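Inside the fold
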Amino acid sequence: AQSVTQLDSQVPVFEEAPVELRCNYSSSVSVYLFWYVQYPNQGLQLLLKYLSGSTLVKGINGFEAEFNKSQTSFHLRKPSVHISDTAEYFCAVTYGGGKLIFGQGTELSVKP
Amino acid sequence: DTEVTQTPKHLVMGMTNKKSLKCEQHMGHRAMYWYKQKAKKPPELMFVYSYEKLSINESVPSRFSPECPNSSLLNLHLHALQPEDSALYLCASAKAGEETQYFGPGTRLLVL
């Protein structure tokens, strides 16, 4: 079955430290990958996406992710986090057809 | 403009009430989606409309009735809901033939 696994449910980190949020997906020939962020009491905002082409994808707010086909991973990284990055982060995948499959989410908590 | 709007922001209803949620986008997107999100969980797909026609119903109870009156508007009619239906209801849209979904801010529903 198609699935997405976010390996960490909670990631605490100090301000200005680097962070990596991990995401693995079940293998397929063709896959499209997304990271969304959800701030408290808000909807989902698209951070970045991989559809094809370069495996290093840059998004908003200084985030980037790398598509690794051999490891079926799409980890999200930021070199220096801010308090304002505190939020829930969802990795999502679609294999076409419009159905997004979400991971369980990672709660990023940035402490001063 | 990548904005999806949803009204109302908050809704409290009794189990015998009838209410509707509204979603609007003016990006020319031809696919529109309803999701349900419980606290600390990822969004769950409920319905997909493609070119104003219902294309996916994820076995949602009939007390939820979607409607797509035109390409910019998506409604979710609610009737005889249960307390366990309390959740954040998210709308999303996407360009025809594309996989990237853009989400609205959601309607937080409380059923008493």
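Residues numbered from 1 in each chain as written. Chains lettered and ligands numbered in written order. Predicted model: local features only at pLDDT ≥ 70, side-chain atom pairs only at ≥ 80, totals over all residues. Heavy atoms only, no water.

Brief notes about the overall build of chain B
We apply this condition: Labels follow the DSSP assignment, with helices taken as runs of H or I lasting at least four residues and strands as runs of E lasting at least two, numbered in each case from the N terminus. For the radius of gyration, the atoms used are the C-alpha atoms, and the globule rule reads 2.2 Å times the number of residues raised to 0.38. Categorising residues by exposure relies on relative accessible area from a 1.4 Å probe, with only protein chains included: less than 20% of the type maximum marks a residue as buried, more than 50% marks it as exposed, and the intermediate range marks it as partly exposed. Contacts between residues were defined by any pair of non-hydrogen atoms, one from each residue, lying within 4.5 Å. Note on areas: Shrake-Rupley, 1.4 Å probe, and residue coverage restricted to the protein chains presented here. Neither His nor the chain ends is counted toward charge; the positive residues are Lys and Arg and the negative residues Asp and Glu. Positions of charges follow a simple convention, taking NZ of Lys, CZ of Arg, CG of Asp or CD of Glu.
Each helix and strand counted, chain B has zero helices and eleven strands in total. Counting helices and strands in the order they occur from the N terminus, chain B gives β-β-β-β-β-β-β-β-β-β-β. Taken against the 2.2 N^0.38 rule, which gives 13 Å for 112 residues, the C-alpha radius of gyration of chain B at 13 Å falls within 12% of a compact globule. Along the first, second and third principal axes, the C-alpha set of chain B runs to 40 × 25 × 20 Å. Looking at chain B as a whole, 48% of its 112 residues qualify as buried. Long-range contacts, defined here as pairs at least 24 residues apart, represent 53% of the contacts in chain B between residues at least 6 apart. As displayed, chain B has an accessible area near 5500 Å², and 50% of this comes from carbon and sulfur atoms. Positive and negative charge centroids in chain B, built from 13 and 11 side chains respectively, lie 7 Å apart.

Observations concerning the nonpolar core
What counts here: The term nonpolar core refers to a set of buried residues drawn from Ala, Val, Leu, Ile, Met, Phe, Trp, Tyr and Cys, joined through side-chain atoms within 4.5 Å.
Counting 29 residues, the largest nonpolar core has Leu-33, Trp-35, Leu-47, Leu-48, Phe-74, Leu-76 and Tyr-89 of chain A as the members making the most contacts within it. With four residues, the single largest contributor to this core is strand S10 (residues 87-94) of chain A. When neighbours within four sequence positions are excluded, Leu-33 of chain A is seen to be in contact with Tyr-25, Leu-48, Lys-49, Tyr-50, Phe-67, Phe-74, Ala-92 and Val-93 of chain A. Residues Phe-47, Phe-64, Leu-78 and Tyr-89 of chain B belong to the second largest nonpolar core, which totals 23 residues.

Topic: the side chain of Gln-38 of chain A
Note the cut-off: Polar contacts here mean pairs of N or O atoms no more than 3.5 Å apart (in protein, one a potential hydrogen donor and the other a potential acceptor; neighbouring residues in sequence count only if both atoms are side-chain atoms).
Inspection of the secondary structure puts Gln-38 of chain A in strand S5 (residues 32-38). Residue classification places Gln-38 of chain A among the buried positions, given a relative accessible area of 10%. Separated by 2.8 Å, the side chain of Gln-38 of chain A and the backbone oxygen of Gln-42 of chain A make a polar contact. If near-sequence neighbours (up to four positions away) are discounted, Gln-38 of chain A is found in contact with Gly-43, Leu-44, Ala-87, Glu-88 and Phe-90 of chain A together with Gln-37 and Leu-88 of chain B.

With respect to the environment of Leu-47 of chain A
Within the element layout of this structure, Leu-47 of chain A appears in strand S6 (residues 44-50). Through-space distance from the C-alpha of Leu-47 of chain A to that of Lys-58 of chain A is 8.7 Å; in sequence the pair is eleven residues apart.

Topic: the packing of aromatic side chains
Rules: What counts as a ring pair is set by centres within 6.5 Å for rings of Phe, Tyr and Trp (its six-membered ring), and what kind of pair is set by the plane angle: stacked under 30 degrees, edge-to-face over 60, tilted for all other angles.
The full count for this structure, using the stated rule, is twelve aromatic pairs over all chains. Ring geometry for Phe-102 of chain A versus Phe-103 of chain B: centroids 6.3 Å apart, planes at 65 degrees, classification edge-to-face. Of this pair, Phe-102 of chain A sits in strand S11 (residues 101-102) while Phe-103 of chain B sits in strand S10 (residues 102-103), placing the two residues on different chains. Residue Phe-102 of chain A shares its accessibility class with Phe-103 of chain B, and that shared class is buried. Through pairs of rings, three or more aromatic residues link up here, namely Phe-34, Tyr-36, Phe-90 and Phe-102 of chain A together with Tyr-33, Tyr-35 and Phe-103 of chain B.

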